[in-house]
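A structural walkthrough
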Amino acid sequence: MPVWICATCANQYPEATSPPEVCAICADERQWVPPTGQRWTTAEELAAAGHRGEVREVEPGLLGVGAEPPVAIGQRALLVQTAEGNLLWDPPGYLDERSLQAVGDAGGLTAVAASHPHFYGTIATWSDRFDAEVLLAEPDAGWLARPPRRPPRTWSGTLEVLPGVTLVQCGGHFPGSSVVHWAEGAGGAGALLSGDTIFVTPGEDRVTFVRSAPNRLPLPERAVRRVVEAVRPYRFDRIYGGWWEPVLRRDARAVVERSAERYVQWLRGEAGEE
Ligand SMILES: [Zn+2]
Ligand SMILES: [Zn+2]
């Protein structure tokens with residue numbers, strides 16, 4: 001019996017002879033179901049279609065693990081490596097033996113977590129392979145459709161997973177939407193791994209905040225302010241979003257503050273609509 005994978009978001013559903021009627025994550029207003037109807041796939045089908053694991057060093061101590069061509073939403077994971085163990089963040093929708101091997105060679109996994117439920121897809125596979133703890137933000141834990149063997153741990157607020165590697169709940173896109181603060185990142189200046197909790201935009205010079213990217217839904221002012229307040233205590237100069245690019249490469253703290261102010265001006269109708 002196959003593990004059913006939603007072709008649109010790559011979330012996985014437990015082994016069964018037939019897939020569910022619809023993917024619960026895609027039926028939600030933050031995602032979408034194709035106009036032609038729900039589509040399911042399997043890891044075997046994706047491999048046969050030519051998808052391959054893609055592993056690249058992003059910066060020293062940070063390994064990117066994605067797929068080529070990308071699957072579904074197309075996120076690539078980040079493996080944060082420390083002397084005490086490794087965290088895999090925002091697992092990709094597809095992985096193969098090459099991806100597992102690369103993470104094994106880099107020291108394996110202590111924990112696996114995702115910024116929000118759209119990226120839960122392969123979380124159980126990683127956990128099962130490395131006996132890694134799955135960390136789920138408490139308000140979003142119910143979205144995990146395929147549980148790992150080892151029971152997940154829920155958390156809220158902040159959680160230091162490894163020394164200098166802290167999960168920070170920001171809310172916004174999902175109530176449990178979170179980022180990783182990596183103190184050693186960006187050559188010691190600090191980095192955030194943000195998924196789409198803080199969304200880096202194509203010019204790599206600003207960020208935005210969304211309820212839904214594909215459905216173009218904004219967030220209210222109080223939610224935007226909460227995201228900014230959640231990361232304000234941390235030192236960081238760089239933000240890695242959920243994809244290989246774009247990356248906000250420098251001055252990220254100031255950019256987050258500036259972008260949030262501009263966003264709120266637009267929400268309030270105070271932006272000057274020339
Ligand atoms: Zn889906
Ligand atoms: Zn999302």
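Everything that follows concerns the structure shown earlier in this document.
The text that follows walks through the structure, step by step, so that each part is easy to find. Sequence order as written defines residue numbering, which begins from 1 separately in each chain. Going through the entries in the order they are written, you letter the chains from A and number the ligands from 1. Where local features are concerned, this predicted model is filtered to residues with pLDDT of at least 70; where side-chain atom pairs are given and counted, the filter is 80 or more; whole-chain, interface and lining totals use all residues. With hydrogens and water stripped out, all remaining heavy atoms of the structure feed into the side-chain values.

1. Considering the coordination of the zinc ion (ligand 1)
- Each metal's donors are the N, O and S atoms within 2.8 Å of it, or within 3.2 Å when it is Na, K or Ca, and because water is not part of the set, sites may look incomplete. Taken together, Cys 6 (SG), Cys 9 (SG), Cys 23 (SG) and Cys 26 (SG) make up the protein donors of the zinc ion (ligand 1), found 2.3 to 2.4 Å from the metal.
- Note on geometry labels: four donors, all angles 85 to 135 degrees, give tetrahedral; four donors become square planar and six octahedral when opposite donors are over 155 degrees apart and every other angle is between 65 and 115; remaining cases are irregular. Between the 4 donor atoms coordinating the zinc ion (ligand 1), the angles at the centre fall across 103 to 119 degrees, so the site counts as tetrahedral.
- Positions of the donor residues of the zinc ion (ligand 1), expressed as sequence spacing, correspond to C-x2-C-x13-C-x2-C. With Cys 6 in strand E1 (residues 4-6) and Cys 26 in helix H1 (residues 24-27), the pair connects residues that are 20 residues apart, well separated along the chain. Helix numbers and strand numbers start at the N terminus; a helix is a DSSP run of H or I with at least 4 residues, a strand a run of E with at least 2.

2. Brief notes about the pattern of salt bridges
- Here, a salt bridge means any side-chain nitrogen of Lys or Arg that lies within 4 Å of a carboxyl oxygen of Asp or Glu. Scanning all chains against the criterion turns up 15 salt bridges.
- Residue Asp 28 is joined to Arg 30 by a salt bridge in which the shortest nitrogen-to-oxygen separation is 2.7 Å. This pair shows no difference in class: Asp 28 is buried, exactly as Arg 30 is.
- Within the structure, one salt-bridge network assembled from shared partners comprises Glu 221, Arg 225, Glu 261, Arg 268 and Glu 270. For every residue, the accessible area obtained with a 1.4 Å probe (protein chains only) is divided by the maximum for its type, and the residue is called buried under 20%, exposed over 50%, and partly exposed between those limits.

3. Re the nonpolar core
- Here, the term nonpolar core denotes a set of buried Ala, Val, Leu, Ile, Met, Phe, Trp, Tyr and Cys residues that are joined through side-chain atoms within 4.5 Å. Judged by nonpolar contacts, the single largest core of 25 residues is most densely connected at Ile 198, Val 207, Phe 209, Phe 236 and Ile 239.
- For this core, the secondary-structure elements that each account for two or more residues are helix H5 (221-231) and helix H6 (252-268).
- Every residue pair with non-hydrogen atoms within 4.5 Å of one another is taken to be in contact. Residue contacts for Ile 239: discarding those within four places in its chain leaves Leu 192, Ser 194, Ile 198, Val 200, Val 207, Val 247, Leu 248, Ala 252 and Val 256.
- Counting 21 residues, the second-largest nonpolar core is a separate cluster that includes Leu 78, Leu 135, Val 165 and Ala 191.

4. Let's talk about helix H3 (residues 97-105)
- The set of residues buried in H3 consists of Ser 99, Leu 100, Ala 102 and Val 103. One side of H3 holds all its buried residues, which, seen down the axis, span an arc of 160 degrees.
- Looking at the buried side of H3, the elements it contacts are strand E4 (52-59), strand E5 (62-68), strand E6 (77-82) and helix H4 (123-130).
- Polar contact is the term for a pair of N or O atoms within 3.5 Å; when the atoms are in protein, one must be able to donate a hydrogen and the other to accept it, and sequence-neighboring residues count only if both atoms are side-chain atoms. At the N-terminal end of H3, a side-chain oxygen is found 3.1 Å from the backbone nitrogen of Arg 98, two or three residues along, and the residue is Asp 96.
- Immediately downstream of H3, the backbone of Gly 107 shows phi near 115 degrees, a positive value. Arc definition: it is the arc formed by the directions from the helix axis to the C-beta atoms.

5. Section: the sheet that holds strand E2 (residues 12-13)
- Strand order in this open sheet of 3 strands is E2-E1-E3, and the pairing throughout is antiparallel. On the outer flanks of this sheet lie E2 and strand E3 (40-41), each paired with one strand and no other.
- Each pair of strands is called paired provided DSSP finds at least two bridges between the two strands. Inspection of the sheet shows E1 paired to E2 by 2 bridges, in the antiparallel sense. Bridging from a neighbouring strand, Ile 5 pairs with Gln 12 of E2.

6. Thoughts on the environment of Ala 186
- Positionally, Ala 186 belongs in the loop between strand E13 (178-182) and strand E14 (191-195).
- Residue Ala 186 is classed as buried on the basis of its relative accessible area, which comes to 13%.
- Counting along the chain gives 63 residues from Ala 186 to Arg 249, while the straight-line C-alpha distance between them is 8.3 Å.

7. Some points on H5
- Taken together, the buried positions of H5 are occupied by Ala 223, Val 224, Val 227, Val 228, Ala 230 and Val 231. Down the axis, H5 shows its buried residues gathered within 160 degrees of arc, on one side only.

8. A word on the coordination of the zinc ion (ligand 2)
- Taken together, the protein ligands of the zinc ion (ligand 2) are His 116 (NE2), His 118 (ND1), His 173 (NE2) and Asp 196 (OD), with distances of 2.1 to 2.7 Å.
- Every donor residue of the zinc ion (ligand 2) comes from the same chain, spaced as H-x1-H-x54-H-x22-D. One end of the pair, His 116, is in the loop between strand E8 (111-113) and H4; the other, His 173, is in the loop between strand E12 (165-169) and E13, and 57 residues separate them in sequence.
- Among the residues examined, His 116 registers a relative accessible area of 1% and is labelled buried.
- Classification of His 173 by relative accessible area gives buried; the value is 2%.

9. As for unusual backbone geometry
- Cis geometry marks the peptide bond from Glu 68 to Pro 69; its omega dihedral reads -15 degrees.
- In the segment running from Glu 245 into Pro 246, the intervening peptide bond is cis, with an omega of -5 degrees.
- The residue Ala 186 is not glycine, and still its phi comes out positive at about 50 degrees.
- Backbone geometry at Arg 216 places phi at a positive 50 degrees, although glycine is not the residue there.

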